[in-house]
Structure formats: C-alpha cells, structure tokens
Amino acid sequence: MGYGNISEELIKYDLTSDFIYLSKNDLNCYCSPKGNNELISLVVNFFKKMYGKNVKENQVLITNGTTNSIALINTYLKERSKCKIVVQNPTYDTAINIIKSHNLSIQYINPIMDNIRDCTADAFYLMFRCHNPTGMNIASEKEFKIKEKILSNESILIEDDAYSLLFKSNKAYLPVKNENYLFLGSFSKYIFPAIRIGYVIGSPKIIEQLSIFQKYYNSHPNQISQLLLITYLKTGKIFNEIEHKKKILNKRKIAFEQSLSNKAISKIKNLSLLSGFYYWLEFNENINANTIFKDLYDEKVFVIPGEIYSLNYKQNSLRICISNIEEEKIRKATKIINKVIDRI
C-alpha cells in the first residue's frame, strides 16, 4: 500500500498483442523536442473533450511525464531574475526535491490553501483536485478566487492535475488563455505508469522556451511511448481505459473505507475520502505516525511516512495507496492497520 503503481487488473488492453505498428522510419530519427505533431493535435482534442477548453497546438508541449514537466518548468524559473515559489505543504515529494535541486526559494501554505495571504511570489506550484498526497479537493468557487488572485499579480501559476479525470468531475476553472498559467497533465496515470508521457499547456512563449530546455535535456519525449499514446487517442481506447480504471478504483475505495474501523478513525485527525489512488491519515498528537509505520512494516504492510512530503518534516501522517493491490488484499491489510492503530 505504498507507491503509486497500478495492478494488472487496472490495465484494460493486452499490449503483448499487435497493439501498434512501428515502422523503421518511426524509430530511425529524432522527433521534435515539442513532441510528435500528430500527438499534439490529438492532445488538443483530448483536452477539449475532457476539460471543455480550447487550446492551440502552439500551447502544447509533450513531455516524459509530469516529473519531466516539473523539472523543465523549474529550469525556466531558475533562468528568471526572481525565483521564489509557493507550494502546498505537504505536497508531491518529487516536486519538492526538483525545486530544491534548482535552488529556488520555497514558501509553503497548507493543502486547502486557506492561508494563501502572500500572493506576491514569482510562481505557485499547486494542486486543486486530487491533491497528492492528501487527496484533498478545492471547491470550485474557492479555486476561481485563488487563481484569479495569483494571476492578477502576474505570478506564474503551475497547476498539477495528474489524477482528477480518474476521480472527479472535469468541471474546473482553467485560465488557459492567461500567459502566466501552466497546466500539467499526465497520461501515465490514465493508461499505465511505464508509458511516461505527460504534457504542459501554456502560453506559446513559455512553451517555446520549455521545448528548448527539453531539446538539450533529453532531445525529445520517448518516440515509442508517443506512438502508443497516438493509438490510444485515435482509437478512443483511452476513454475506455479511464472508465475501466475509475470503476475498479471506486471498488477499492469502498473496500478500504468500509474496512477501516470506527476505533481507528477516532484516532485520526484528518482522513481524506475524496481521492482515489491515495489516502492521507493524519494522526492526533498523542500518536506517533512513525511508530505505526514501523509496526505496519513488521506486519508486512508497507505504507509511506507522511514526512517525506513535507518541507519541514513535521507531518504526523501516513500515505496509503490502493491502486496497486486488489480488494481482498486491501481488506486484509486494512484489518492489520486497524489492529496496529487500535493498540496504541
């Protein structure tokens, strides 16, 4: 119940069959650092269908997943004369370490952003839906106000939206026409993690700059993964894949939530039930999350200590993943979680 892998049951199509045809021409040359032109066009259509927003092809950059997108954007920020960035605390641990590796100045706010008073930073890296690791979601009206306030100060807003299409309505305020807004999407979660394909939507000026960085970092997004994604998008298989995953993940959510005992819940300060991949268990002050982590590990239940997602290492929390094991094992593991929490 640790890392955000997915089980075989979550993959709808058998890729060992003749799923795509690769010609020698597809494999014998480099492609554009912006990504395959056909794929970019398909992503424009996908974005319109899923989010209801029109974007142009020169607003899209294909990347090797969201991690790659974050690294490219942080390189862009480092090139600017100012480089102070605001993030939620806790937040995606890889993003934290990428930001630190670029020596940017970090300021943090809480996940629900109710203490977002200082909106004068140069950039904001935020998740409004299916926040990783807490699973929290921001109400639509609040989301609109926060984004408008940030962008009105001409700060760059980087929105990471890797999970929401699997768990929640696609209704969202996405100011794609604002030159300081960057949207990060991922196909790794909607198909399978190994594909490592994501995209950035932003102003043509920033997208062009990011594509230059990508050219000298990794030449271009993986060509085979792009061709695979083209097949998924052209045939509409991606929409079947998303619905397939939503159905199974919902069953796993129910299995976990029904198996978690009331006694265990009484010892948890915050428990988000709105996510899908992850659950965030923040414990009362008299309970040590690291002790629970060690006891669970001894019982062969692996979860993630919340402190790795924190900028100040003060998270008395655990992150639990349900995407990589089937319902029966979720119920079995949750009984052990109940037992470990109950005896403290």
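Predicted model only: the values in this text are computed from it and were never measured.

Undergrad: Looking at this structure, I do not really get the overall build of the protein chain. What am I missing?
TA: For the protein chain, the helix and strand inventory stands at twelve helices and eleven strands. Rg of the C-alpha trace for the protein chain: 20 Å, near the compact-globule value of 20 Å for 344 residues, within the 12% margin. With respect to the principal axes defined by its C-alpha atoms, the protein chain has extents near 60 × 50 × 35 Å. Evaluated residue by residue, the protein chain yields a buried proportion of 55% over its 344 residues. The contacts of the protein chain with a sequence gap of at least 6 include a subset with a gap of at least 24, amounting to 75%. Surface exposure of the protein chain reaches about 15700 Å², of which carbon and sulfur atoms provide 49%. In the protein chain, 46 positive and 34 negative side-chain charges are present, and the distance between their average locations comes to 2 Å.

Undergrad: Help me out: how do you make sense of the pattern of salt bridges in this one?
TA: Where charged atoms from two side chains of opposite charge come close, those side chains can pair. All chains considered together, the criterion is met by 14 salt bridges. One salt bridge in this structure joins R129 and D161, with 3.1 Å as the shortest N-O distance. Taken together, the positions of R129 in the loop between β4 (123-126) and α5 (140-152) and D161 in the loop between β5 (156-160) and α6 (164-167) put the pair 32 residues apart, joining distant regions of the chain. Assigned by exposure class, R129 and D161 land together as buried. Linking E326 and K329 is a salt bridge whose minimum nitrogen-to-oxygen distance equals 4.0 Å. When its relative accessible area of 34% is taken as the criterion, E326 is described as partly exposed. Its relative accessible area of 46% is what places K329 among the partly exposed residues.

Undergrad: For this particular structure, what's the right way to read α5?
TA: Since the α-helix packs 3.6 residues into each turn, any two residues three or four apart lie on the same face. With 13 residues, α5 should cover 18 Å at 1.5 Å per step; its first-to-last C-alpha distance of 18 Å lies within 8% of that length. Every buried residue of α5 is listed here: E143, I146, K147, I150 and L151. Along the long axis of α5, the arc covered by the buried residues comes to 120°, so they all point the same way. In α5, the exposed positions angled more than 90 degrees off the buried face are occupied by E141, K145 and S152. Residues of α5 that are buried make contact with β4, β5 and β6 (181-186). In the segment just after α5, E154 is the residue with positive phi, at about 65°.

Undergrad: What is the right way to read the packing of aromatic side chains from this model?
TA: Here a ring pair, both rings aromatic, is described through the centre-centre distance and the interplanar angle of the planes. As enumerated under the stated definition, the model contains 20 aromatic pairs in all. Cation over ring: K49 sits above F239, and NZ or CZ is 5.1 Å from the ring centre.

Undergrad: Teacher, can you tell me more about the packing of helix α2 (residues 37-51) against helix α9 (residues 237-259) here?
TA: In a pair of packed helices, the angle between the axes and the distance between the axes together describe the arrangement. Contact geometry for α2 and α9: axes closest at 12 Å, N-to-C directions at 40°. The angle between the axes of α2 and α9 places the two elements in the oblique class. Both α2 and α9 take part in a crossing whose hand is right-handed. Between α2 and α9, the residues in contact are F46, K49 and M50 and I238, F239 and I242, respectively. The class makeup of the residues in the contact of α2 with α9 is five nonpolar, no polar and one charged.

Undergrad: In this structure, what is going on with α9? I would like to understand it.
TA: End to end, α9 covers 33 Å across 23 residues, agreeing with the expected 33 Å (1.5 Å per residue, within 8%). Of all the residues in α9, the buried ones are I238, E241, I242, K245, I248, L249, R252, K253, A255, F256 and S259.

Undergrad: What's the story with the pairing of strand β7 (residues 198-201) in this structure? I'm lost.
TA: The side chains of a regular strand alternate between both faces of the sheet. Along β7, one buried face is formed by G198 and V200 and the opposite face, lined by Y199 and I201, is buried too. Sheet topology note: the strand β1 (residues 60-63)/β7 ladder contains four bridges and is antiparallel. Residue pairing for β7: I62 is matched across the bridge by Y199. Pairing between β6 and β7: four bridges, direction antiparallel. Bridge pairing in β7 places F183 opposite I201.

Undergrad: It is not clear to me how the sheet that holds strand β3 (residues 105-109) should be interpreted in this structure. Could you clarify?
TA: Pairing between the strands of a sheet comes from backbone hydrogen bonds, and it takes one of two forms, parallel or antiparallel. Strand order across the open sheet formed by seven strands is β1-β7-β6-β5-β4-β2-β3, with mixed pairing between neighbours. The two strands at the open ends of the sheet, each matched to only one other strand, are β1 and β3. Shown here is a sheet whose adjacent strand axes are inclined to one another by a mean of 20°, direction ignored. Pairing of β4 with β5, which is carried by four bridges, proceeds in the parallel orientation. Considered in β5, the bridge of L126 is made with E159. Sheet strands touched by helix α3 (residues 66-79): β1, β2 (84-88), β4, β5, β6 and β7. Its angle to β6, the strand with the most contacts, is close to 160°.

Procedures and definitions
- Residues numbered from 1 in each chain as written.
- Predicted model: local features only at pLDDT ≥ 70, side-chain atom pairs only at ≥ 80, totals over all residues.
- Heavy atoms only, no water.
- Helix = DSSP H or I, 4+ residues; strand = E, 2+ residues; numbered from the N terminus.
- Rg over C-alpha atoms; globule rule 2.2 N^0.38 Å.
- Buried < 20%, exposed > 50% of the residue type's maximum accessible area, 1.4 Å probe, protein only.
- Contact = heavy atoms within 4.5 Å.
- Areas by Shrake-Rupley, 256 points an atom, 1.4 Å probe, with all protein chains shown as cover.
- Lys, Arg positive; Asp, Glu negative; His and termini not counted.
- Charge placed at Lys NZ, Arg CZ, Asp CG, Glu CD.
- Salt bridge = Lys/Arg side-chain N within 4 Å of Asp/Glu carboxyl O.
- Expected span 1.5 Å × (residues − 1).
- Arc of directions from axis to C-beta.
- Phe/Tyr/Trp six-rings, centres within 6.5 Å; stacked < 30°, edge-to-face > 60°.
- Lys NZ or Arg CZ within 6 Å of the ring centre and 35° of its normal.
- Axes fitted to C-alpha atoms, helices over the stretch in contact; angles between N-to-C directions.
- Parallel < 35°, antiparallel > 145°, perpendicular 65-115°, else oblique.
- Left-handed = near helix turned anticlockwise from the far one by under 90°.
- Nonpolar A, V, L, I, M, F, W, Y, C, P; charged D, E, K, R; others polar.
- Pairing = 2+ DSSP bridges.

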